Amino acid sequence: MKFFQATHTFDHSWAQVTAANWMKYPNEQCPHVVAVDILDRHIDPETGVLRTERLLTCNQNAPALVLKLLGGSAVSYVRETSELDPRTQTLTMKTQNLSMCNVLQINETVTYTVHPQDPSSTLFSQEAQIVAGSALSRFSSYVEDFCLTRFRDNAAVGRAGFETVLEKFKAARLEAAAQLDKLEKAAATSTAASL
Amino acid sequence: MSSSIGEKCTKIKQEYDSCFNSWYSERFLKGDASPMCDDLFFKYKDCLLKTLEEKKLDTLLADARKENPFPNTSTSSSSSSSTESGKKE
């Protein structure tokens with residue numbers, strides 16, 4: 001078993017980050033995620049927590065030979081469950097791979113919380129557990145190390161992809177605000193002119 | 001906006017996503033948790049469930065849910081029946 005851990009600060013508010021999180025895909029850096037489906041979504045009537053279960057469909061970029069040897073297919077599935085507490089402003093997401101679990105199990109937990117030192121930014125923390133299955137017992141350590149490296153690289157790419165998404169939304173917000181400002185000024189001018 | 005696993009579900013899925021995204025920012029984060037997109041969600045889910053069955057992913061998901069229940073009743077403070085009684089959004 002191998003562990004991966006990382007933290008990152010997004011320079012956007014928790015509200016913005018969590019709103020963008022629902023629209024994270026598609027993004028250029030993560031073309032392997034080809035579909036995102038919402039399996040279930042409800043609000044806990046007692047706690048007000050928003051619970052979502054999603055299915056991510058991914059095109060695997062593992063070498064064809066590896067897939068053939070391990071009996072995997074080019075398409076893989078990931079189940080993601082999330083709990084979003086608007087009161088504590090915490091979003092926790094857990095993912096597990098549904099494909100090739102007997103070969104390799106990757107369990108990931110990420111949380112998004114308001115940064116304790118800077119409420120205008122968001123603290124992201126990520127933890128993953130990589131376990132090679134019995135099918136690979138002889139090579140499990142090697143495979144786990146290989147996957148840990150891949151996971152680390154992919155995590156960085158995933159974060160970069162999300163940053164791009166966040167910047168796009170920020171630009172759209174600023175653009176909308178500028179338009180609104182222009183309209184308001186124009187309206188004020190025309191009102192003044194008609195007086 | 002992301003596609004659905006079922007090609008024929010993508011259109012309704014994206015309509016639902018648009019609705020949900022506005023609901024999330026304009027209502028939910030402002031303290032109003034009343035549902036707004038239920039009709040779209042049920043239509044989309046209908047289509048999705050058929051696709052999952054066709055692709056034989058329903059059993060894969062059922063197994064995953066058995067192994068990792070959500071919500072996890074041991075760590076969750078809410079009752080286990082919340083999925084049925086909870087407000088659908």
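Higher on the page you've got the structure.
Computed from a prediction, not measured in an experiment: that's the story for all the values here.

Draft legend 1. Spatial organisation of the environment of B:K8. Residue and element names in this part refer to chain B. Within the secondary structure, K8 is located in the segment before α1 (10-27). Judged by its relative accessible area of 55%, K8 falls in the exposed class. C-alpha of K8 to C-alpha of C47: the two residues are 39 residues apart in sequence and 7.7 Å apart in space.

Draft legend 2. The interface of chain B and chain A, seen in detail. Between chain B and chain A, the residue contacts involve 40 residues of the former and 38 residues of the latter. Interface area for chain B against chain A, summed over the two sides, is near 3200 Å², with a carbon-plus-sulfur share of 63%. The interface formed by chain B and chain A contains 2 salt bridges. The salt bridge partner of B:K45 is A:D40, with a shortest N-O separation of 3.6 Å. Our count for the chain B to chain A interface comes out at 13 residue pairs in polar contact (both at pLDDT 80 or more). Put simply, the parts of the chain that give the side of chain B that touches chain A at least two residues each are α1, α2 (38-54), α3 (58-67), α4 (82-85) and β1 (87-88) of chain B. Here the element with the most residues in the side of chain B that touches chain A is α1(B); it accounts for 8 residues. Grouping the constituent residues of the side of chain B that touches chain A by class yields 19 nonpolar, 14 polar and 7 charged.

Draft legend 3. Quick look at the side chain of A:Q96. Assignment of secondary structure puts A:Q96 in strand β5 (residues 90-97). The class of A:Q96 is buried, set by a relative accessible area of 9%. In terms of polar contacts, A:Q96 uses its side chain to reach the side chain of A:R79, at 2.7 Å. Separated by 3.3 Å, the side chains of A:Q96 and B:N68 make a polar contact. Residues contacting A:Q96, with those up to four places away along its chain left out, are A:Y77, A:V78, A:R79, A:Q105, A:I106, A:N107, B:A64 and B:N68.

Draft legend 4. How the structure looks around the pattern of salt bridges. All names here are of chain A. If you walk through the whole model with that rule in mind, you get 13 salt bridges over all chains. Put simply, K2 and D145 hold a salt bridge, and the shortest N to O gap is 3.2 Å. Of the two residues, K2 is situated in strand β1 (residues 2-10) and D145 in helix α3 (residues 140-194); the sequence distance between them amounts to 143 residues. Given the relative accessible area of 35%, D145 is considered partly exposed. Residue D181 pairs with K185 through a salt bridge whose shortest N-O separation is 3.2 Å. Of this pair, D181 and K185 both sit in helix α3, 4 residues apart, which is roughly one turn of that helix. On the accessibility criterion, K185 (53% relative accessible area) is exposed.

The rules behind each value
Residues numbered from 1 in each chain as written. Chains lettered and ligands numbered in written order. Predicted model: local features only at pLDDT ≥ 70, side-chain atom pairs only at ≥ 80, totals over all residues. Heavy atoms only, no water. Helix = DSSP H or I, 4+ residues; strand = E, 2+ residues; numbered from the N terminus. Buried < 20%, exposed > 50% of the residue type's maximum accessible area, 1.4 Å probe, protein only. Contact = heavy atoms within 4.5 Å. Buried area = accessible area lost by both parts, 1.4 Å probe. Salt bridge = Lys/Arg side-chain N within 4 Å of Asp/Glu carboxyl O. Polar contact = N/O pair within 3.5 Å; in protein donor to acceptor, adjacent residues only side chain to side chain. Nonpolar A, V, L, I, M, F, W, Y, C, P; charged D, E, K, R; others polar.

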